[in-house]
Every structure is written in structure tokens, then in C-alpha cells.
Number of protein chains: 2
Amino acid sequence: MTTSTNDSQIPLGRYIFERIRQVGVKTIFGVPGDFNLSLLDHIYDVEGLRWAGNANELNAGYSADGYSRINGLSCLVTTFGVGDLSAVNAIAGMMAEHVGCLHIVGTPSLSSISNRLLLHHTLGNGRFDIFEDMSKHITEKATSIEDIEHAQAIVDDLIVTAFTLKRPVYLGLPSNFVNELVDASRLEKKLDLELPLNEKEAELEIVENIYAKIQEAKNPIVLVDACASRHDVKHLVAVFAETTQFPVFTTPMGKSSFDEDNPRYGGVYVGVLSNPDVKEAVESADLILSVGGLLSDFNTGSFTYNYHTTNVIEFHSDFCKVRAATYSNVKMQYVLEKLDEKIKKGTSNYVPGPLPASVHDYKQVVNVKSGKLTQDYLWKKLSYFLKSGDVIVTETGTSSFGVIQTHFPSKVTAISQVLWGSIGYSLPSAVGAQFALEEIDPNRRCILFIGDGSLQLTVQAISDVCRWNLKPYLFVLNNKGYTIEKLIHGEHAQYNMIQTWDHSKILELFHDKVEYENHRVSTVEELNTLFEDKAFNKNDKVRLIELMLDEMDAPANLVKQAKISEKINSS
Amino acid sequence: MTTSTNDSQIPLGRYIFERIRQVGVKTIFGVPGDFNLSLLDHIYDVEGLRWAGNANELNAGYSADGYSRINGLSCLVTTFGVGDLSAVNAIAGMMAEHVGCLHIVGTPSLSSISNRLLLHHTLGNGRFDIFEDMSKHITEKATSIEDIEHAQAIVDDLIVTAFTLKRPVYLGLPSNFVNELVDASRLEKKLDLELPLNEKEAELEIVENIYAKIQEAKNPIVLVDACASRHDVKHLVAVFAETTQFPVFTTPMGKSSFDEDNPRYGGVYVGVLSNPDVKEAVESADLILSVGGLLSDFNTGSFTYNYHTTNVIEFHSDFCKVRAATYSNVKMQYVLEKLDEKIKKGTSNYVPGPLPASVHDYKQVVNVKSGKLTQDYLWKKLSYFLKSGDVIVTETGTSSFGVIQTHFPSKVTAISQVLWGSIGYSLPSAVGAQFALEEIDPNRRCILFIGDGSLQLTVQAISDVCRWNLKPYLFVLNNKGYTIEKLIHGEHAQYNMIQTWDHSKILELFHDKVEYENHRVSTVEELNTLFEDKAFNKNDKVRLIELMLDEMDAPANLVKQAKISEKINSS
């Protein structure tokens, strides 16, 4: 904190950014606009903060999402109307997928609002509350500053809400308040970011209840999903697996929430799309401990889970459920801790059995030495390119389905928007993640896989990469259009075609003196050579790698998913 | 219409597109997504319809806006959640600026909705009505199909609403209804697109009232604003000016709503930002006939109109106002007709006076022969490059302010988003306009002016240009960032800087075998040479012309506007 305690008063704009910095945010994403310019001045009052200056608001929002998934919180600044509406898709994605973000919208001054001026960036009807009303639908909380007296409390409350609940919040900030003075000493008391404790008796009851079920179970498993990462209980799951020795499976969204090198890791469960031995192992379990479940269609093989729900215990960030009994407001974070303590004190008759053999399937690829590059080879071979600490970002499409086949080394973090599924998301999200990695440990690599169709939606995020000389790996799957959609409906339809681009020209356009590398890979040999090249393995410049793939080549699980999706859509 | 009257039933999807085609739409904008794919199949059932296939939804929305401003209506198709939220900024812009558009959103099937499935593209909370609720705020009407019986009536009503009121409407279309059969014979009765007549007595009263005021006036003027174009009364204004010989002025948004070669054209009125002789002429008038006014800040020199409102008669699409008396639901379209008839029958003592001399200011440039290219020279010289039938699209920034200084030949159409003012709008909007021009008359040229900062937001719209081999002129003002914002606040601030791009590489990236031309212009000589080059004047390929301008060079009216804006924002 750069505020001297002698400065008894500071501008509200500075107060906001000091608070944001206190909770670990170092990069502010967004686009300037005349209703937020005076706010942006205060970013540079705070040591260690920077303004990313994204090329557009949707990209800024997606980058805030990716940054938050690595960093725990992010901050996005846009301008009134045109700015916040351009970002709503990104905000809704954060809401759906439990990602914390403070979205600050610079709005017209209070006097403009009360005089109902027909300002630009309005609908011309004198209403200034419409955009906040729209945001209420897709945020945990949306509030505007209406007087300086309550401003600090509102800011603090919104930051705590976004951080602890891992959801986006909206702060409307009329431009006239930015430079009004507020009490600086409030900054000396750090925000309380601890989750409120559970109600004691309810917690005791559920722990006893779960413990009893565990004691009875012959064949229990743990199923880890997205919210284990989002709500930061990965370490608790790891401890729990160590204590109990239960087999651990993940969902597609849960991938990277559990160490795949752990000997108790059993693979990815996706209903009927699972490997048969994984399906058998999960569905024959007599107790399923489901942690952080987000059971959407693409995460469950379109709801083809085939286990007895009576065998399931659900752990969530805001409730837990044992068979049919819901424990409202009982948070998994504390329950998992208490449960582990209790198990450690008790005794167990559990005898660990063998795990599905398919978890080692990726090892098949070592025998393939040549031929045209295929999706199947790519995703399995990738297991050998990845290393501890990597962040791998995949796009909704062949990438997000393909990466399920990839084995992740320890401490790999996966980012994919499986539930919200907005195409184009992955590129700016990877850029946001790369900003966070640069702040945490520049040696950690950020590796993106995106299709040529999705790339077109958000390509200018690569301009942000060059602006900051970031060094991600950008793998572009060139398969001539929207392959995931061709699989669902309209294989030869014109609407699933795209304009072809010369991908080798992208970095030429944006780079402006930044060092970069282009690669094109069409064969197994070329991929092997590249992945084994030491220089290529070092993330010392931005690289764009175009992967030439057949138009209809797709991971087998996506082919099956697409067939189910079309059926659901037409019924 | 390709439907044979023997086919007694057709799929609802086809019905929708037949209706859309009937009202003059030939291009459908949008992005495919799995909830709209089966709908898109039906585009090709209808002769003369095409699917643009835009690179992203915001661009698709902006293109629908530009297309509609030329064509009178447009149609946009997106997919549920991720698609419609990406487009809301464009929809809100159409709402603010009176642009008609049918926005069709492909949504999950009714059975998915009633089972509250946790589908992708939802917030994971089982609510499917959120996005329609959000759209209600920014559309004239938002409706979803809930049963096949009412589907045709809903579609018809939405199209008529969008067309007659010139506003966007939202149609939610659950995927299961797309192929359900509806009565084809309904297509034989064309939609009634006529505006409902005014209530007769109210209309008579207001016409008498205005006529009396006109008879008394010594020094009347006409002030034409945006809605004269949006609601298609340009021809009535022209007739009225001819009949009365009153001087006619336009606002910035009204520019191109009146023929600037007409001897009764007096110039652009923008409050204190006007040329002094224009300001004097308008503000000394004893009667102001204001047609289609949209009096927003950037359209009025920040509300610095300085005339007696008691002298004003307002003509609007949904009401008229004579001094303090409002006539609700009395539409200007009919009032102007009746008023003209009445005046033609009467007598007049009006003696036309001289017009402001500044209307000929652009002629100054003919004396400038050399030197660095400046904004002042550019906008005036442009008067000589433009020709009848051109569509000129300008971006919120130096372009939209600069073009006020340009003299438009007859039948030039200007597009600029002065009220909503979303940066990045102009490029995809120009692309949409170009689609419409290609359908109406390929010899008419579409000429875009956009700054290097704004270009970055929506650059992939140029991919759409190449996909369709469209031939617009893309003038890119290279002035190193957001000049309009630097003028308002933060001239040297990092947040007003952008990543510099190599603009000559843009067409190389997207073109894929389409013929194109790059130009760079830094001096007066180079601009003169280019504008006088016959080959360049012919729109036979896409051209990108980079204009090298000083960072802080800006039209004088923008410099003044920026100072006022900063004051309003901070007060």
C-alpha cells in the first residue's frame, strides 16, 4: 500500500484501487471511455498496479475471467452503456462458472442523471438505470454509488462478495464521485476474506452423517468437479484422498482439480462418453462423494450419469446434500476439513481396489512415429509436452473435448468454459491467465488451443499479447470452420464455413517490434520434432502454431456428444 | 416468394424467412450456434436470401444496423445466451438511434426449458428467461414462441413493429418449433407496413395550428435531425422546403437528411459549436420547425441550443409538439404531408433572405496544394471525392466531428452513431451498408472513416468483406490512439494509448484470394493525387487507405466539444 497514514483523506478512485491491490490484483482489464477516464488516472497512484488496455470490452471481460481463475479475483473497468453491454457475455460466463470479478462501470455524473440529460451512450430516453438492471441478472450483486458517505462500505462489500463467493459483481460509479475524498485510514484494516463459518450444529450433523455412510461403504469413490478449483478446495480433496485412499475421478470441468499423477487417480467420468472401465468404476460405486459439482450437459455426456443418486453426497460452496437431505448454507470448505479430521481419528476397513487401466491410454501414442496429424494423436501426445505448473486453456469445440484424453502432470491448471461455452472465450482468457502467470512466476507457461472458427471472434486479444510482450503458446487448430457444429448439424452447410485466414500473418499485423515465432504442423513427425525441441519448450517469446487437421476429424467423445445434442435440440 | 400455393403447410423456420424476404431483406446477419442451426437451414429454402456468416455477434449486430439504415429493416440470428449477450450492445444502439431489426435468438427446446436442464449457454441455475428479460430493456418488443398456434401471428407482429417503428425487436425461438408445420397460405396476404393513420381531429387541429404559426412568422427555419432519415420523411422535408422556401439546417445526426446542393440549405447547427453565421441564423429565427429531433449532447454541442423553445414546433415519429402543447400519437409522416397541402393552397408573404455564407467554407481547400495532411484539409477536400449515391460511414471520434465540415453532394447517405456512440461500430456498420448497396446498386460506393483505436475493436469485420468480395473504401485515420479521449481527459495517459498495428497487413491476413489495394497518405499532395485518380474512384475492389495524421490534430468542433464533456462529467 502506498498510502501514507498521514494522508487522512484520499480520492474515492484511489481508495478503490488500493483495496483491489490489497486483495492481490495487479492488472486491471478494460477499455477507456469518457465516463471512466478520471477513474483510470488513479490506477497509477497505486504501486504495482497496471492497466492492461484491451482492444475491446468482450476480450477484456474474458481476460478478467482467465486472470481470476489463476489469481482468485480480477477487476474490469468499462464505460457506461456501450462498454458494459459489450462485456455482458463475459460477465455472464463468470457468473455461470463461479469466477470472481469486480466490474466497475464509469457512469455519467449524478447531476447528469438527475437532470435526465440526453447524453451519448444512453437510449435517449432519460433512463440511466437500464444497464445496471440488466447486469443484476448476471451478477451476484449490482450496486451504484449514490452518495460519498456510503461509497467505501459499498466498495468493500462488493470486493468481499466477489472474492469469497467467486462471482462477478457490478459497481456503478458516477464520474463526479471519483475525486471526492474519503477516509484513508479505513485501508489499514484489511478486508476479511475468510468465508463465514458454518452453523456449528448443522456442520456437526452432516459430518457425522457422511462419516457413517463412509464407514458402511465397500466401494466408495470421489468425483471432483469444477467448483473444487473455483472455490479453492483442491488441497482439501488431495488430503482427503490421501487419508481415505478412495479412487478419485474428475468431470471434464473438474480436470486439473486433482493430481493425475496421484496413484489414486482413476480418470475422467462423463456418463456414456466415459471410457468403459471408468464408467463401470463410477457407476458401480456404492458411495459417490461429489465435490464442487456443476452437472451441465457437456460436463456429463448430456446428463447420462447412470448411478444411484441415493448413493451420492454432494459438496458445494453454498450447501451440501446427503442423499435427499439438503443442508443449506453449509459450505464444503469447512465440511471437508472436519470430515478429514474425523476420519483420521477413526478406523477404516476400506481396502483399495485396482483403478481403471484406461487412465494410461495416452501412453499408446509413443508407438506412433509418422503420418498425418490427427486429433487423437495430438491430445495424447500433448501429455508429454505439458509440464508441472503449465496452464492449459482450451476452447469449446474439439479442443475442450480432446483435452479430456490428455494426461496432466502435477500442478497443471486447466481453463475451459464448458458450461457457458461462448466460442472465442479461450484466447482472451489465456491472455488474462498469462498476465497472472507473469506476475506469479514467468517461467510457468500458458498454452492455448483454439479452432480457426473460434479464433475469428476475438483475434485482437493477440494485440494485447504483443502490447505487453507476453509469451503464450497459441495453438490454432486449422480445420476449416466450426467442426463442433458440423458434427451437431449441417456438416456441409454454408453457415458452418468460415472465411479462411492466413494465420501466419496474424503476428505480423499486431507485433510491432515484439519477437515472435510462427510454426505450421501437418504431421506426427513435425509435432514430435516441435515438442522435443528444447528452444520451443522455453516460453521466451509468443508463438503461434498452426495445426493442420482434417475438417471432420474430432475426438470420439465429441462425435458422440454432438449426436446427443442434436437430439435434445430437436425434441 | 418460392412457396407454391399448393404446399399448404411449411416449416415455421421457412415461414419466418419468407416473411423477412417479403419485406425486402436479402441478407441475414449472425453467427451459427447449436440452438439455431436447424433454423439456418431454412434460409436456403427462400430464393434470394443469403446468410452473411459474420466473424462475431457484435459485428453481426452492427452490420445489421448499417444494412437496415440503407434497406429499412434487417434480420440478425444468434444463439441462446452467449450469442444474444454478445450482440446486446448493437441492439441497444439500434434502439437508441431508431433502426429496425428482427433479432431471432435460437433457444433450447421447450422440453429442455420445462425440465430446467442444466444446458450449456445457461447460468446453470435452470433459468432460461434471463436473456429475454435483459433484451426487453433494449428492444421495442421481446417475445418467445411458446406454442405453434400463435407462432405466425407473433412473427408477423414483430416484423411489422420493427419495420414501422424502426426499432429492434427480439424473437426467442425454441429449437423444437423450427420444423413444426404452419399454414403457408398466410404468406399470400402481405404484411401491412403502412403506419396507422393519425386520429383525424387531432391531425386537423395541429395542422391548423402550425399553419397559423407559419403565416405569422417573418423568419422561420427548418431544422432537420436524424429521425427524418430513420423514419423516412426526407422526401417530405424536401417538398416542404420547395413549397415554403424556408432555409433548412441540419444537426450533425441529421446530416444527409437534406440535399446540401439545394439552394435553401444553410449548414449544420450544433449550438455553440456551429459556424457563427449558422448559429445567428438559427437562433434569431422566430419559428423553428424541428423535424425528427434527437437532441443528445454530441448532436447539440452539449445542449448549447440557444433559441426560444416557445418558437419551436417539433415533428416526431410518435408525437408532435407545438410550443408547449404535445399531440400524443400524432405522427409527423402524415402531418408533414397535410401541412404541405395546406400551404400550397394558401398564400404566403414570406420573403426568403440570404443564407449563411459558411456553407461554402469547404471551397477554401481548393487553394491548398501541399503540406502535411491535416484533419481540416481532409474533411473539406472529401467534399470533392464524394459523389451522388455514396454512403459515408464515420466513427464516433475525429471522423464523426470532422465530417460535419464536409459538403455532401445530392443523395449521399451518412451513417454515424452519434447518440449511442459505441466505438468500433462504424466498420461493421459500413460492411452491413455495403451488403445492402450491393443488392440495390453495386455502383454506389460505401466509404468508411475510422480511427486506428476504434478499428481494433471490430477489425474482423474486414474478414466478412473478403468473404463476400465486397468493395468498400476503408479509410483508417492513424493518429496513434484514442484522440477523442485524449482531448477529453488524459492527453498523455497510458490508458489512451493503443498497441500500434501494421495496417498494411490487415488485408493480407483476411483476403484469401480476393483482390485488394493498400494506400498510405501522409500529405496533401498524396491525398489530391489519390482522390483525382480515376481508377481509385471506381469501387472495383476493397481498398484500405491509411491516413497519417498528427496525434492531437482534430476538428475544431471536437476540441470544443471535448472541453464541455469533461466539465459535465466532473460536475
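Residues numbered from 1 in each chain as written. Chains lettered and ligands numbered in written order. Predicted model: local features only at pLDDT ≥ 70, side-chain atom pairs only at ≥ 80, totals over all residues. Heavy atoms only, no water.

1. Some points on unusual backbone geometry
All names here are of chain B. Even without being a glycine, R116 presents a positive backbone phi close to 50°. For R116, the position within the fold is in the loop between helix 5 (110–114) and helix 6 (130–136). A positive phi is found at H121, a non-glycine position, where the angle reads about 65°. By secondary structure assignment, the location of H121 is in the loop between helix 5 and helix 6. Residue classification places H121 among the buried residues on the basis of a relative accessible area of 7%. (Helix = DSSP H or I, 4+ residues; strand = E, 2+ residues; numbered from the N terminus. Buried < 20%, exposed > 50% of the residue type's maximum accessible area, 1.4 Å probe, protein only.)

2. Let's talk about the pattern of salt bridges
Taken as a whole, this structure holds 58 salt bridges over all chains when the rule is applied. A salt bridge links R127 of chain A to D129 of chain A, with the nearest nitrogen and oxygen atoms 3.1 Å apart. A residue is classified by how much of its surface remains accessible, and D129 of chain A, at 35% relative accessible area, is partly exposed. With its nearest N and O atoms 2.8 Å apart, the salt bridge here joins K255 of chain B to E260 of chain B. Ionic contacts of the salt-bridge type, sharing partners, join the residues E515, E517, D540, K541 and R543 of chain A into one network. (Salt bridge = Lys/Arg side-chain N within 4 Å of Asp/Glu carboxyl O.)

3. Topic: the domain arrangement of chain A
Residue and element names in this part refer to chain A. Under the domain assignment used here, chain A contains domain 1 (9–188), domain 2 (200–349) and domain 3 (361–569). Contacts between the two partners involve 24 residues from domain 1 and, on the opposite side, 29 residues from domain 3. When the two sides are added together, the surface that domain 1 and domain 3 hide from each other amounts to roughly 2,200 Å², 56% of it contributed by carbon and sulfur. Sorting the residues of domain 1 by area buried against domain 3 places R50, Y62 and I70 first, and these three jointly supply 30% of that buried surface. Across the salt bridge formed by R50 and E439, the nearest N and O atoms sit 3.2 Å from each other. At the surface where domain 1 touches domain 3, the tally comes to 19 residue pairs in polar contact (both at pLDDT 80 or more). Secondary structure elements with two or more residues in the side of domain 1 that touches domain 3: strand 2 (27–30), strand 3 (50–51), helix 3 (57–71) and helix 4 (82–97). Considering every element that reaches the side of domain 1 that touches domain 3, the biggest residue donor is helix 3, with nine residues. A breakdown of the residues in the side of domain 1 that touches domain 3 according to their chemical character gives nine nonpolar, 10 polar and five charged. (Domains from an automatic or database assignment. Contact = heavy atoms within 4.5 Å. Buried area = accessible area lost by both parts, 1.4 Å probe. Polar contact = N/O pair within 3.5 Å; in protein donor to acceptor, adjacent residues only side chain to side chain. Nonpolar A, V, L, I, M, F, W, Y, C, P; charged D, E, K, R; others polar.)

4. What about the relation of the copies chain A and chain B?
Each copy of the sequence occupies a distinct position, and chain A is placed on chain B by a rotation of 180° and an axial shift of 0.0 Å, giving an RMSD of 0.0 Å. Considering both components of the superposition, the chain copies are consistent with a two-fold axis. The position closest to the rotation axis in chain A is occupied by the C-alpha of M134 of chain A, lying 2.6 Å away. (Least-squares fit on C-alpha atoms with pLDDT ≥ 70 in both.)

5. With respect to the UniProt feature "domain: Thiamine pyrophosphate enzyme central" (unreviewed entry) in chain A
As recorded in UniProt, the feature "domain: Thiamine pyrophosphate enzyme central" (unreviewed entry) lies at residues 208–323 of chain A. Note that residues 208–323 of chain A is 28% helix and 22% strand, and that its end C-alpha atoms are spaced 14 Å apart. (UniProt positions renumbered as here; feature names shortened; annotations may be inferred.)

6. Things to note about the sheet that holds strand 5 (residues 101–107) of chain A
All names here are of chain A. Read from one edge to the other, the open sheet built from six strands follows the order 3-2-4-5-7-6, with strand pairing classed as parallel. Bordering the open sheet on either side are strand 3 and strand 6 (141–144), each of which pairs with just one other strand. Relative to strand 7 (residues 168–174), strand 6 is paired through four bridges, and the arrangement is parallel. Bridged to A142 within strand 7 is Y170. (Pairing = 2+ DSSP bridges.)

7. Details of the sheet that holds strand 19 (residues 473–478) of chain A
In sheet architecture, strand pairing relies on hydrogen bonds along the backbone and comes in two forms, parallel and antiparallel. All names here are of chain A. Read from one edge of the open sheet, six strands run 17-16-18-19-21-20, paired in parallel fashion. In this open sheet, the two edge strands, each paired with only one partner strand, are strand 17 (413–416) and strand 20 (516–521). Averaged over all pairs of adjacent strands, the angle between their axes in this sheet comes to 15°, without regard to strand direction. Each of strand 16 (391–394), strand 18 (446–451), strand 19 and strand 21 (542–548) touches helix 13 (residues 375–385); the most contacted strand, strand 19, lies at about 170° to it. (Axes fitted to C-alpha atoms, helices over the stretch in contact; angles between N-to-C directions.)

8. Considerations on the state of the cysteines
By the definition in use, this model includes zero disulfides over all chains. Between C75 of chain A, a cysteine without a disulfide, and C101 of chain A, which holds the nearest cysteine sulfur, the sulfur-to-sulfur distance is 6.7 Å. For C75 of chain A, a relative accessible area of 0% translates into the label buried. Its sulfur unpaired, C466 of chain B is 14 Å from the next cysteine sulfur, which belongs to C446 of chain B. (Disulfide = S-S within 2.5 Å.)

9. Regarding the packing of aromatic side chains
For the structure shown, the criterion picks out 48 aromatic pairs over all chains. Here F29 of chain A and Y67 of chain A contribute two aromatic rings whose centre-to-centre distance is 5.3 Å and whose plane-to-plane angle is 70°, an arrangement assigned as edge-to-face. With F29 of chain A in strand 2 and Y67 of chain A in helix 3, this residue pair connects regions lying 38 residues apart in the sequence. On the basis of relative accessibility, which here comes to 0%, the residue F29 of chain A falls in the buried class. Between Y269 of chain B and Y305 of chain B, the aromatic rings sit 4.7 Å apart at their centres with planes inclined by 50°, giving tilted as the arrangement. Note that Y269 of chain B is positioned in the loop between strand 11 (265–268) and helix 11 (276–283) and Y305 of chain B in the loop between strand 12 (287–291) and strand 13 (312–315), a separation of 36 residues in sequence. Comparing Y269 of chain B with Y305 of chain B shows no difference in burial state: the two are buried. Positioned above the aromatic ring of F163 of chain B, the side-chain terminus of K166 of chain B is 3.9 Å from the ring centre. Lying across the ring of F408 of chain B, K255 of chain B places its NZ or CZ 4.1 Å from the centre. (Phe/Tyr/Trp six-rings, centres within 6.5 Å; stacked < 30°, edge-to-face > 60°. Lys NZ or Arg CZ within 6 Å of the ring centre and 35° of its normal.)

10. Some remarks on the pairing of strand 6 (residues 141–144) of chain B
By the alternation rule, side chains of strand 6 of chain B split into A142 and S144 of chain B, which are all buried, and K141 and T143 of chain B, of which none is buried. Crossover handedness for the path strand 6 of chain B to helix 7 (residues 151–165) of chain B to strand 7 (residues 168–174) of chain B: right-handed. (Right-handed = clockwise from strand over helix to strand, strands pointing away.)

11. Section: the interface of chain A and chain B
The partner chain B presents 88 residues to the 88 residues of chain A that form the contact. When the two sides are added together, the surface that chain A and chain B hide from each other amounts to roughly 7,400 Å², 58% of it contributed by carbon and sulfur. If you sort the residues of chain A by the area they bury against chain B, Y495, Q499 and L509 of chain A come out on top, with a joint share of 10%. Applying the counting rule to chain A against chain B returns two salt bridges. Here E508 of chain B makes a salt bridge to K505 of chain A, at a shortest N to O gap of 3.4 Å. For the interface between chain A and chain B, the tally reads 53 residue pairs in polar contact (both at pLDDT 80 or more). The element best represented in the side of chain A that touches chain B is helix 4 of chain A, accounting for eight residues. Broken down by class, the residue content of the side of chain A that touches chain B amounts to 44 nonpolar, 33 polar and 11 charged.

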